[in-house]
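Descriptive analysis of the structure
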Amino acid sequence: MSEYSRTQKTEEEVEPIDLLHLLDGLWKAFCHYFWLVLLLTALGAGGLALRSYLTYTPQYLAYATFTVTSSSQSSYSTSNYYNTATASQLESTFPYLLTSGSLARIVAEDLGVSTLNGTITASVMANTNLFTIEVRSSSPQTAYDIVQSLIENYPEVAEQVVGVTELELLDESGVPTQPTNTVNYVNTAIKGGLLGFALGVAILFLITISRQTIQRESDFKKRLNIECLASIPQISVKRRAKGNAQAMVSIYNPHISQSFLDAVRVLRTRVERDARDHGSKVLLVTSAAPGEGKSTLAANIAMSLAMDGRKVLLMDCDLRNPTVHEMLQLQPGKGVYELLTGEAKLDEVFQYDKAHRLYVLPGGKPCSNASEILDSQQMRELLSSVKPLVDYVILDTAPVGMITDTAVLAPLADGAIFVVKQDYARTGDILEAVEQLSESRIHMIGCVLNGVTSSPGGYGYGYGYGYSYGSYRHYGGYGERPAETEQTES
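Here the structure is a predicted model, which is why all the values come from computation and not from measurement.

Within the protein chain, the regular secondary structure consists of 16 helices and 12 strands. Looking at the protein chain as a whole, 47% of its 490 residues are labelled buried. Within the protein chain, counting contacts between residues at least 6 apart in sequence, those at least 24 apart form 80% of the total. Carbon and sulfur atoms provide 53% of the accessible area of the protein chain, an area that totals close to 23,600 Å².

Structure below.
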């Protein structure tokens, strides 16, 4: 197991749960998967209401109330005592009579059915001789018929247990017209909706605690054992028209926030100090996954170094999806691909971008065999020929985690800058990409936490700023080119 993997495993085992981090993660999960919560809420409400409708069986209650009189009477007080005791005795013996089947069989024979479609109960009012028989059935007429049969047959059956009694009917329900178990479908739907919502929140909670992404600068040391060079804030711009400079996320855009400018300046200072300490000149910029903003960041590092008076060459080595010319509003044409395949010469594609004070080598025509082209003697000769012309060469490369294009370039570079978008790629994927890059023994300058938001926002594999990563599937790589939106993407 590598050092990175051991570090990650140890930290994941002992890392305590940050409540604020967890709540923020839940909110972000809800913002991204709110449709799932709404769907489960709707399914819960509709499902429980439908279940109640399909399984609902109305129950009707028929009853009769009697006074119980014992046949043996000596005086009023004694008779009243015996009547009360007899009523209580009838109540206690009633379940026995029903269980034994004697009464139920007699009533069923009386009604001409094999089994009774109803539930029979009996009760007595405390300290009185008032005895009540209740029958619940799905049929109102059946409930009433059973009560009538009980009135007629119960005294005869009970005589074997409590002796001769007389029942005087005081009240009866008649044939019931309304069920006793009405269903409130609105309340049922509300309960189902709450259950569905709770299930959705539980799923979001599991997603949140199971996700391992980079959220803060401290996560780099804690989970990756790598230094964080800077935190770049999330920037969103609108693409009003193709070629509009205001649509570019760069330090030259007057609409970009001061926080972005300050963050890029801090990054430039740290990169330049590291390059000076290690004698680095060719700097590689990459990421673990597409959509993390590495191309936009590579361009801004190059522009910032150039603004500081350095001669900088920005080379687009992401040959499957070259985007540098789009970001800098340069005309499409021949580039690195044509140089390496012998279709063009250096002086034909080597450009100077006056607007951004940069020397530029665009990518040229997209290709599917980028790894083979980049891992060639022509690429080594190209770098050897351009290095004496400038102070720094910034290589915008493909994401490491998906293809091997960057891995074959790494031995030709002096240092690597790894771009990690906040709460985007999983820590395990980042770790694999860093390990793959480190196999070339390239000097790791550090990581950049990109697309940092101070308030809850997008979640998961969403998008930050820059330009869309492009159609790698079309060119033998990965991903589909998304339709242009107002949110630019890198």
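The next point concerns helix α14 (residues 377–386). Considered for burial, the residues of α14 that qualify are M379, L382, L383 and V386. The buried residues of α14 occupy one face: seen down the axis, they fall within an arc of 95 degrees.

Another aspect to go through is the nonpolar core. Membership of the largest hydrophobic core comes to 49 residues, with the highest contact counts inside it found for M315, L361, M379, L382, V393, F418 and I430. A per-element tally of this core places helix α16 (residues 427–438) first, with five residues. Beyond its immediate chain neighbours, meaning those up to four positions away, L361 contacts L313, L314, M315, D316, V336, L339, L346, V349, F350, L382 and V386. Counting residues in each nonpolar core, the second largest holds 39 residues, with I235, A263, I301 and L314 among its members.

Counting across every chain of the model gives five aromatic pairs. Between Y352 and Y359, the ring centres sit 4.9 Å apart and the planes meet at 55 degrees, which makes this aromatic pair tilted. A relative accessible area of 23% places Y359 in the partly exposed class.

If you trace the backbone, N300 turns up in helix α9 (residues 294–307). Reaching out from N300, the side chain makes a polar contact with the backbone nitrogen of I251 at a distance of 3.0 Å.

Taking burial as the measure, the five residues of strand β10 (residues 392–396) include five buried ones, the bulk of the element. Judged by which residues are buried, β10 turns out to be covered on both faces: Y392, I394 and D396 on one side and V393 and L395 on the other are all buried. Relative to β10, strand β6 (residues 282–287) runs parallel, the two sharing four bridges. Residue pairing across strands places V285 opposite D396, the latter belonging to β10. Inspection of the sheet shows strand β7 (residues 312–316) paired to β10 by five bridges, in the parallel sense. Looking at the pairing, V312 lines up with Y392 of β10.

Rules of the game
Residues numbered from 1 in each chain as written. Predicted model: local features only at pLDDT ≥ 70, side-chain atom pairs only at ≥ 80, totals over all residues. Heavy atoms only, no water. Helix = DSSP H or I, 4+ residues; strand = E, 2+ residues; numbered from the N terminus. Buried < 20%, exposed > 50% of the residue type's maximum accessible area, 1.4 Å probe, protein only. Contact = heavy atoms within 4.5 Å. Areas by Shrake-Rupley, 256 points an atom, 1.4 Å probe, with all protein chains shown as cover. Arc of directions from axis to C-beta. Core = buried A, V, L, I, M, F, W, Y, C linked by side-chain atoms within 4.5 Å. Phe/Tyr/Trp six-rings, centres within 6.5 Å; stacked < 30°, edge-to-face > 60°. Polar contact = N/O pair within 3.5 Å; in protein donor to acceptor, adjacent residues only side chain to side chain. Pairing = 2+ DSSP bridges.

The values reported here are purely geometric and, on their own, carry no functional implication.
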